[in-house]
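Observations on chain architecture
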Amino acid sequence: MVRAGVVGTHLPTSSLDIFGDLRKMNKRQLYYQVLNFAMIVSSALMIWKGLIVLTGSESPIVVVLSGSMEPAFHRGDLLFLTNFREDPIRAGEIVVFKVEGRDIPIVHRVIKVHEKDNGDIKFLTKGDNNEVDDRGLYKEGQNWLEKKDVVGRARGFLPYVGMVTIIMNDYPKFKYALLAVMGAYVLLKRES
Amino acid sequence: MNTLLSRANSLFAFTLSVMAALTLGCILTTAFKDRSAPVSLKVSRVLLKKVEDFTGPRKRSDLGFITFHISADLEKTFDWNVKQLFLYLSAEYSTKSNAVNQVVLWDKILLRGENPKLDLKDVKSKYFFFDDGHGLKGNRNVTLTLSWQVIPIAGILPLVTGSGRVSVPFPDSYEIATAF
């Protein structure tokens, strides 16, 4: 009795099918998958860099990291910034700035502005939920912020969306796991 | 691929797209609204001192004390996409050394659901009104305005200035209180 056996019928047919797919692909399809992945990554990069040019800010989308602006902004909220040079800095605006020497941006409100005739501005900020102004956060001996410290002015707001970034910062293993799963999905999915 | 996984994936992608479209719709319904309102401001007392600025730069600067009344009806500014209003009273003036000076003297957070009609009397300034120098002495053009920032549930963050303003004439010498 001839047993008509086909090589591979004994392979398990559950989640390991993705590797079955990979094995069936020839070189051209593999290159196609990799290029597809590269296209996705470069499109994301282009959109980000395009936003930087459009808004004039080095970081047009930021996630609120602290509770110093509650109840307006909570940890995990998303802010959209612009930083046009023609816009003067005025009291009441919410600015995102970086203190010299530290690279964590801070989101607070401008409470004092002194601008000279030639356009030189010095200003002071304070978080809505803080009792005192930000002079304790500035550099030693620094009493005012200048235009060069500003990353951007907050123009738009979305709640909760930035929580993903905060979780990824607090639990780096989650970040690597997420990237690995996304990478595996894009690379191994067959375009059927 | 396991069908459960691909179904969960499609469901997740669909939910995200629908929520994004809804949020965009919500933002657009209130993006172009006029958020201004009439404001009535009155000043009742002004005092000028010259003190070393203990809040920061340690130089002797003009320090002003202002007591004021605020009256405003912000009911129309609140709508279904407003989470809170951040109100602030700012003094704007011009001096010899600085063309534009703005100092926030008082602020208030008005949450959704709180009484939107303001009628406050004899309010003292919350923050120290230090000038960067001696520009307050004899300055007749210090203007007080009430502005507010609209914090939406999702969308644009506009800054609006109320339509009433009042001018505070500062005295020509120190330590003399002027009442109106």
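Residues numbered from 1 in each chain as written. Chains lettered and ligands numbered in written order. Predicted model: local features only at pLDDT ≥ 70, side-chain atom pairs only at ≥ 80, totals over all residues. Heavy atoms only, no water.

To keep it simple, the criterion reads: UniProt positions are given in the numbering used here, feature names are shortened, and annotations may be inferred rather than shown by experiment.
As annotated in an unreviewed UniProt entry, chain B is Signal peptidase complex subunit 3 from Microtus ochrogaster. As stated in UniProt under Subcellular location (unreviewed entry), the record for chain B gives "Endoplasmic reticulum membrane". UniProt's Sequence similarities (unreviewed entry) comment on chain B is quoted here verbatim: "Belongs to the SPCS3 family."

For chain A, the name recorded in an unreviewed UniProt entry is Signal peptidase complex catalytic subunit SEC11, with Microtus ochrogaster as its organism. Recorded in UniProt for chain A, the comment headed Subcellular location (unreviewed entry) runs: "Endoplasmic reticulum membrane". Taken verbatim from the UniProt record of chain A, the Catalytic activity (unreviewed entry) comment is "Cleavage of hydrophobic, N-terminal signal or leader sequences from secreted and periplasmic proteins."

Here we look at the overall build of chain B
Rule in force here: Under the DSSP-based scheme used, a helix requires at least four consecutive residues in state H or I and a strand at least two consecutive residues in state E, with every element numbered from the N terminus. For this measure, only C-alpha atoms enter the radius of gyration; the expected value for a globule follows 2.2 Å times N^0.38, where N is the number of residues. Partly exposed describes any residue whose relative accessible area lies between the buried limit of under 20% and the exposed limit of over 50%, with all areas from a 1.4 Å probe on protein chains only and scaled to the type maximum.
Regarding its fold elements, chain B presents one helix and ten strands. Listing the helices and strands of chain B from first to last along the sequence gives α-β-β-β-β-β-β-β-β-β-β. Its C-alpha radius of gyration of 23 Å places chain B more than 25% over the 16 Å reference for a compact globule of 180 residues. With respect to the three principal axes, the spread of C-alpha positions in chain B is 80 × 35 × 25 Å. Looking at chain B as a whole, 46% of its 180 residues are labelled buried.

Here we look at the UniProt feature "transmembrane region" (unreviewed entry) in chain B
Annotation from UniProt places "transmembrane region" (unreviewed entry) at residues 12-32 of chain B. Along residues 12-32 of chain B the backbone is 90% helical and 0% strand, and the end-to-end C-alpha distance reaches 32 Å.

What to know about the pattern of salt bridges
Which entries qualify depends on this criterion: Whenever Lys or Arg places a side-chain nitrogen within 4 Å of a carboxyl oxygen from Asp or Glu, that contact is recorded as a salt bridge.
By the definition in use, this model includes 19 salt bridges over all chains. Between A:E93 and A:R153 there is a salt bridge, with the nearest N and O atoms lying 3.4 Å from each other. With A:E93 in the loop between β2 (78-82) and β3 (94-97) and A:R153 in strand β6 (residues 150-158), the pair connects residues that are 60 residues apart, well separated along the chain. The exposure class assigned to A:E93 is buried, which follows from its relative accessible area of 10%. Salt-bridge contacts for B:E52 lead to B:R58; the nearest nitrogen and oxygen are separated by 2.9 Å.

Description of the nonpolar core
Note the threshold: The nonpolar core is taken to be a set of buried Ala, Val, Leu, Ile, Met, Phe, Trp, Tyr and Cys residues, with the residues joined through side-chain atoms within 4.5 Å.
Core analysis: the largest hydrophobic core is formed by 35 residues, its most contacted members being B:F129, B:L144 and B:W148. For this core, the elements supplying multiple residues, two or more each, are β1 (39-52), β2 (60-73), β3 (82-93), β4 (100-111), β5 (117-124), β7 (142-152) and β9 (159-168) of chain B. Sort the elements by how many residues they give to this core and β3(B) lands first, with six residues. Of all hydrophobic cores here, the second largest spans 20 residues; its members include A:I89, A:I121, A:Y138 and A:W144.

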